[in-house]
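What the coordinates show
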Amino acid sequence: MSRRATLLPLLALLALLAGCGERPEPAGGDPNRLTVYSGRAEDLVGPLFERFERSTGVDVEVRYGDSAELAATIGEEGENSPADVFFAQDAGALGAVAETGRLARLPEPLLGKVDSRFRDPGGRWVGVSGRARVVAYDKRRLSGRELPRSVFDFADPRWKGRIGFPPTNASFQAFVSGMRLAVGDARTKAWLEGIAANEPKLLENNVQTLEAIARGEFEVGLVNHYYLYELRAERPDLPVENHFLAPGDPGSLVNVAGLGVLHDGPAAQRFADYLLSVEGQRFFATDTAEYPLLAGVRPDDALRPLEDIKGPDIPLGRLGQELRSTVELIRDAGLTP
Amino acid sequence: MAGLASLPLAYLLIRAGTGGAEAWEVILEPRTGLVIGRTLALAAAVTVLATALGVALAWLVVRTDLPARRFWAVAAALPLVVPSYVAALALIAAIGPGAPLRGAVEALPGVERAPELFGFPGSVIALTLSTYPYVFILVGAALRRLDPALEEAARALGRSRAGVFRSVTLPLLRPSIGAGALLATLYTLSDFGVVSLMRHDVLTRVIFQQYRTLFDRDPAAVLGLVLVVLTALVLILETRARGRSDLGGGGDAAPRPPGRQPLGRWRVPALGLCAGVVLLGLVMPVVVLGLWSLRGPSAAAALAALLWPAGSSVAVATAAAALAVVAAVPVGLLSVRFPTAFSRGAERLSYGANALPGVVVALALVFFSSRYAGPLYQTIAVLLFAYVVRFLPQALAGARSALVGVNPQLEEAARGLGRGAPGAFTAVTLPLVAPGLLAGATLVFLSTLKELPVTLLLRPIGFETLATEVWSATSVSAFSRAAPPALALIVLAAPIVFRLIERTDERDARGEALGAA
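Only a predicted model underlies this, so the values are computations on that prediction, with no experimental measurement involved.

1. Some thoughts on the packing of helix α15 (residues 341-352) of chain B against helix α17 (residues 380-404) of chain B
Residues and elements named next belong to chain B.
- Direction vectors running N to C along α15 and α17 enclose 135 degrees, while the axes themselves pass 8 Å from each other. Comparing their axes, α17 and α15 come out oblique. Between α15 and α17, the residues in contact are R344, E347, S350 and Y351 and L392, P393, L396, A397 and R400, respectively.
- For the contact of α15 with α17, the residue count by class is five nonpolar, one polar and three charged.

Encoded structure:
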């Protein structure tokens, strides 16, 4: 490499060093600054942060990452965490951080805006948007009417070799926990064994599951509802459709993305308030194809309304304690290593 | 230096220690044994194949009259810049279920079903394609450095070509083959992207499950330690394999370029091998990425948005490569020139962290830097430090295999002629080991370019690299937007690899011209 060619990147590096030398501090009492650890992708929620900044004048610094890895990071940082708010993709990651005692109790009026199913019983985190479990299917080979109304029917040998799902994914495990709380361990175990006997394809995540359906590897997948809309943004002709199960069926659990506050202060409160305001909730309805959780804000027309899905009547805050036994049950059925 | 590089190890011990008996139960689970077996089988298969492929290709491009060999020298090194999960995605797209190629194979008479790609076979193919360049680059550098006098002597004494290769060349290449094979093994042990896409349950997947679904860092740490133990076993094997070639003999001050062996009727199969590997490891991923980016709206807009992340990527990768080499030279020197138990141990310790999944290294550095380096936490300084910790073995592999080939008597002679110790090192040893150091630096540069887990957790807020751009697009399944930064990674890396190979080749060419005159 010539001398000049080596010099240029190093100069660029120096410029970067100068620009990024300062480390983010938690805002704490400063009402105009906020540091957020976001387990939700920048593509989805970046505009939401911008709208919040515009409407409140608070300067927001966002670290994007994987929800579980950010939860682990907060655990390792302990008291030294620069994060004021943890904005997570699922209730499980929030529960894990709550367990470390790092989350402040949220104020009653804020918690009161959301159905008690969708928040921590201890008031340490609150859901801000909902996602439903659905059955995604290959519409070239099946029509919605041919699909069962209960997830239990997929244990029938008729579905042998036709199913796929991500058994290690947090959303799948939450759904199995929900099933255990709704119908008990014995029936859940029998269902898992039935499913395992149907030789399902096991994938890493929801998107891989949908793509495998599109490739024709199998016909139905157990996933969250909104990944289909993400994929369709790029491939409108994706031959996959969502099927909603019967109201109250364990297969239609509604889970949430939500937030917890690590360093309490006026800016953190304003952020939480904003996400659960009509404006914030409309964003989830229109921009991320999720379910708003604030009463009175309607989801997108393409979605089945939350009242009609119902899902099993289970507080999400309880799923965390069930996780370990759920993982064991899934493993004993031979679905995970 | 080696002590700092073993921070992730210290972290695992702390976590596994505080976890108590419960965390250790994970080892006793019957499935863990099965998973360890699978991990070892995968690592063994990938190492053997990557080594065979890397040595064969290096020999073809350096020592034979392979047509367009300088082109192949660059092209065959380039799969290193393809992130391994991209290689896996390309394999799935090209020969996975529903792919036209597979359909064509299954349409052949007598073929009921094409062989399964997912699981062991797919993981082995994708990881071999991602790791053979380690062997290829290091062995290539060693072959160019090798003094042909020994081989010529053996030939003159009546040995056959194959015999010379077996009894003279191969033993002289042992340090670089060992170093390259070691990097391939460590990469395989630490990989998560490929095995998750190929649905193959190995240790890293179990570790990720502990983090991602159970939010439990303690059993994850215990499993991480299992990986470290496996690494230790691999290191012992590698030390054995190094054998007596470690004596620092051989090296002549001014190696002449060797003659090129005519391939004769082997020319076509040799070209076929090169073409096949480059097709699978480089062309296919690039085509798949190209197709993805066509799905997107505008390539021009995508490119403009990439300028800043691309600059950041190159800047941190360059700095990390330079720092890693500076750190590797003393560790390598110590272990080659003064092979005591301590210096050996220090060198081996640096490898410990390399077999760990990136997220474990990242969390270890979060743990230490947020506690003990508060003001530097999540700044470029700690990020660079983390890259050095993660990729030191790659710089070390380059430095060590080069240092082994230099006879210390040369330096002693310089000192006898009145140079001071540092002066003798700079004037004599450094120029001789430069190709090896450069090879090591290139490996670190390329690895840093595509590094993700450490970057995500330790970067300053708002600091974007090409790898984080790829990640942020794929995390919302926007593959069309993931493609341009992934392609940019490959495009940026290509000239670096090209320069590396050219530079060493120019010397060959000069030597050849002299020889002809």
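2. Some points on the domain arrangement of chain A
Residues and elements named next belong to chain A.
- Split into domains, chain A comes out as domain 1 (3-130 + 256-312) and domain 2 (131-253 + 327-332).
- With centres defined by C-alpha atoms, the gap from domain 1 to domain 2 works out at 28 Å.
- At the interface, 20 residues of domain 1 touch 18 residues of domain 2.
- Summed over both sides, the interface of domain 1 with domain 2 buries roughly 1300 Å², with 59% coming from carbon and sulfur.
- On the domain 1 side of the interface with domain 2, the three residues burying the most area are R304, I309 and P312, jointly 37% of the side's total.
- Linking domain 1 to domain 2 there are one salt bridge.
- Its salt-bridge partner being R131, residue E290 comes within 2.6 Å of it at the nearest N-O pair.
- Scanning the region where domain 1 abuts domain 2 turns up six residue pairs in polar contact (both at pLDDT 80 or more).
- Listing elements by their share of the side of domain 1 that touches domain 2, those giving two or more residues are β4 (125-138), β9 (254-261) and α12 (306-309).

3. Comments concerning the pairing of strand β7 (residues 220-224) of chain A
All names here are of chain A.
- By the criterion of burial, β7 is predominantly enclosed, with five of the five residues buried.
- The sheet contact formed by β4 and β7 spans five bridges and is antiparallel. Counterpart to V135 in the pairing with β7 is L222.
- As defined by bridge partners, strand β5 (residues 163-165) adjoins β7 across two bridges and the pair is classed as parallel. Residue pairing across strands places I163 opposite V220, the latter belonging to β7.

4. Some remarks on helix α8 (residues 148-156) of chain B
All names here are of chain B.
- Along α8, the residues classified as buried are P148, E151 and A154. In an axial view of α8, the angular spread of the buried residues amounts to 120 degrees, which keeps them on one side of the axis.
- Taken from the residues just after α8, G158 is the one with a positive phi, measuring 100 degrees.

5. Quick look at the side chain of H243 of chain A
All names here are of chain A.
- Structurally, H243 can be placed in strand β8 (residues 240-243).
- A polar contact of 2.9 Å, which involves the side chain of H243, links it to the backbone oxygen of P148.
- If we ignore the near neighbours within four places in the chain, the residues touching H243 are V134, V135, Y137, G144, L147 and P148.

Calculation notes
Residues numbered from 1 in each chain as written. Chains lettered and ligands numbered in written order. Predicted model: local features only at pLDDT ≥ 70, side-chain atom pairs only at ≥ 80, totals over all residues. Heavy atoms only, no water. Axes fitted to C-alpha atoms, helices over the stretch in contact; angles between N-to-C directions. Helix = DSSP H or I, 4+ residues; strand = E, 2+ residues; numbered from the N terminus. Parallel < 35°, antiparallel > 145°, perpendicular 65-115°, else oblique. Contact = heavy atoms within 4.5 Å. Nonpolar A, V, L, I, M, F, W, Y, C, P; charged D, E, K, R; others polar. Domains from an automatic or database assignment. Buried area = accessible area lost by both parts, 1.4 Å probe. Salt bridge = Lys/Arg side-chain N within 4 Å of Asp/Glu carboxyl O. Polar contact = N/O pair within 3.5 Å; in protein donor to acceptor, adjacent residues only side chain to side chain. Buried < 20%, exposed > 50% of the residue type's maximum accessible area, 1.4 Å probe, protein only. Pairing = 2+ DSSP bridges. Arc of directions from axis to C-beta.

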